[in-house]
Amino acid sequence: MGTDIPVHVGIIMDGNGRWAQARGFTRSQGHLEGLKAAKRIVKAASEMGIRYLTLYAFSTENWKRTADEVGFIMSLVKQYLRGELDFYRENRIRIRHAGNAAGLPSDIQAELASAAADTGDFEGMQVILAINYGGRDEIVRALRRLAASGKMAGADLQALTEGDITASLDNPDVPDPDLIIRSAGEYRTSNFLLWEGAYAELCVSPKFWPDWTGEDLAAAIADFRGRDRRFGGALAAGN
Ligand code: FPP
């Protein structure tokens, strides 16, 4: 009994630094190759019929890196958003953001808003760039939105549901991820899609992110399709 291809795939793109270190390159070269891998995977995912792809490009914890490294990753984000616009148009790919936009440099906020506006009508795959994203931070911001809407006052607080929180997340219309992939061999979720990923299948690949190709994505999806997803329920009779 197989599972259909995942509707929403999230990827923790890890191992750019180790990829570079193994070659005597700078960390920046690792991130640059990581960006090329991200382009390959977006193309492959779109061709495979994935509907939503969330890429973890910069976490709320990544500010701990040197100013040079942070600046370089931000410049790559900008380069990616500008350089791929024709590709998004041709492939009808919609770009969205997850994370705390207000905490980003104003030029990156503007690029993200402009890419989202330029591609907002496209009905193909949606690429959600998680930038200045943390799962805990997203939940806190969701609760603040709920509080601002008056939903957390008095008796209403007792009636609060999981659905209320889901509806206050950054992209409430995006379905929960079915599959979360992590490259570079670490078995951690690192604050990625904490709320949404409650029942995501996990796939960890030993390969560093810059080495990822469409074949690695296809292999992760084939693995996913062999999983038995029960969402806390029991195995079907006969199994
Ligand atoms: C993790 O590798 C990677 C990052 C923190 C940055 C990811 C950014 C990109 C791939 C470029 C931007 C992409 C898009 C789609 C705009 P690491 O540096 O933690 O690697 P390490 O653990 O081996 O040091």
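Placed above this text is the structure.
Definitions and cut-offs
- Residues numbered from 1 in each chain as written.
- Predicted model: local features only at pLDDT ≥ 70, side-chain atom pairs only at ≥ 80, totals over all residues.
- Heavy atoms only, no water.
- 1 Å grid on protein atoms, 1.4 Å probe; cavity = no way out; pocket = protein on both sides within 12 Å on 5 of 7 lines; lining within 4 Å.
- Points joined across faces, edges and corners; volume = space filled by probe spheres on them.
- Helix = DSSP H or I, 4+ residues; strand = E, 2+ residues; numbered from the N terminus.
- Nonpolar A, V, L, I, M, F, W, Y, C, P; charged D, E, K, R; others polar.
- Buried < 20%, exposed > 50% of the residue type's maximum accessible area, 1.4 Å probe, protein only.
- Pairing = 2+ DSSP bridges.
- Near = heavy atom within 4 Å.
- Polar contact = N/O pair within 3.5 Å; in protein donor to acceptor, adjacent residues only side chain to side chain.
- Areas by Shrake-Rupley, 256 points an atom, 1.4 Å probe, with all protein chains shown as cover.
- Sits in = over half its atoms within 2 Å of the grid points.
- Axes fitted to C-alpha atoms, helices over the stretch in contact; angles between N-to-C directions.
- Parallel < 35°, antiparallel > 145°, perpendicular 65-115°, else oblique.
- Left-handed = near helix turned anticlockwise from the far one by under 90°.
- Contact = heavy atoms within 4.5 Å.

What is the right way to read the layout of surface pockets from this model?
Unfilled space is identified by rolling a water-sized probe across the atoms. Approximately 630 Å³ is the volume attributed to the largest pocket. Lining of the largest pocket is provided by 29 residues; of these, M13, N16, Y56, A57 and N62 occupy positions nearest its centre. Sorting the residues of the lining of the largest pocket by element identifies α1 (16-22), α2 (27-48), β2 (52-59), α3 (67-83) and β4 (126-133) as the ones contributing at least two each. A breakdown of the residues in the lining of the largest pocket according to their chemical character gives 15 nonpolar, eight polar and six charged. The wall of the second largest pocket is formed by E162, T166, D176, P177, D178, W195, E196, A198, Y199, R229 and F231. Grouping the amino acids of the lining of the second largest pocket by side-chain chemistry returns five nonpolar, one polar and five charged.

I keep staring at the pairing of strand β6 (residues 201-204) and nothing clicks. Help me out?
For a regular strand, side chains alternate in direction, first toward one face of the sheet and then toward the other. Burial of the side chains of β6 is restricted to one face: E201 and C203 are buried, whereas none of L202 and V204 on the reverse face is. Judged from the four bridges that link them, strand β5 (residues 179-182) and β6 form a sheet pairing that is parallel. Looking at the pairing, R182 lines up with V204 of β6.

Just checking my understanding: could you explain the site of the ligand for this structure?
Residues in contact with the ligand amount to 17 residues; listed here are only the nearest, M13, G17, R18, R27 and R65. Contact distances for the ligand include 3.1 Å between an oxygen atom and a side-chain N or O atom of D14. In this structure, an oxygen atom belonging to the ligand sits 3.2 Å away from a main-chain N or O atom of N16. In the complex, the protein chains occlude 92% of the 620 Å² of accessible area that the ligand would expose alone. Under a 2 Å grid-point criterion requiring more than half of the atoms, the pocket assigned to the ligand is the largest pocket. Looking at the shell around the ligand, the elements with two or more residues in it are α1, α2 and α3. Taken together, the residues of the shell around the ligand break down into seven nonpolar, six polar and four charged.

What am I meant to see in the pairing of β4 here?
Of all eight residues making up β4, eight are buried, and the element is well covered by its neighbours. Pairing geometry for β2 and β4, over seven bridges, is parallel. Its bridge partner lying in β4, S59 is registered against Y133. Both strand β3 (residues 94-98) and β4 contribute to a ladder of five bridges, which runs parallel. Residue pairing for β4: R96 is matched across the bridge by I128.

Honestly, the packing of α3 against helix α5 (residues 106-119) in this entry has me stumped. Any pointers?
To characterise two packed helices, one gives the angle between the axes of the helices and the distance between these axes. At a minimum axis separation of 10 Å, α3 and α5 run at an interaxial angle of 25 degrees. One way to sum up the angle between α3 and α5 is to call them roughly parallel. Crossing of α3 over α5 shows left-handed handedness. Here α3 contributes M74, V77, K78, L81 and R82 to the contact with α5, which in turn contributes D107, I108, E111, L112 and A115. The residue inventory of the contact of α3 with α5, partitioned by class, reads six nonpolar, no polar and four charged.

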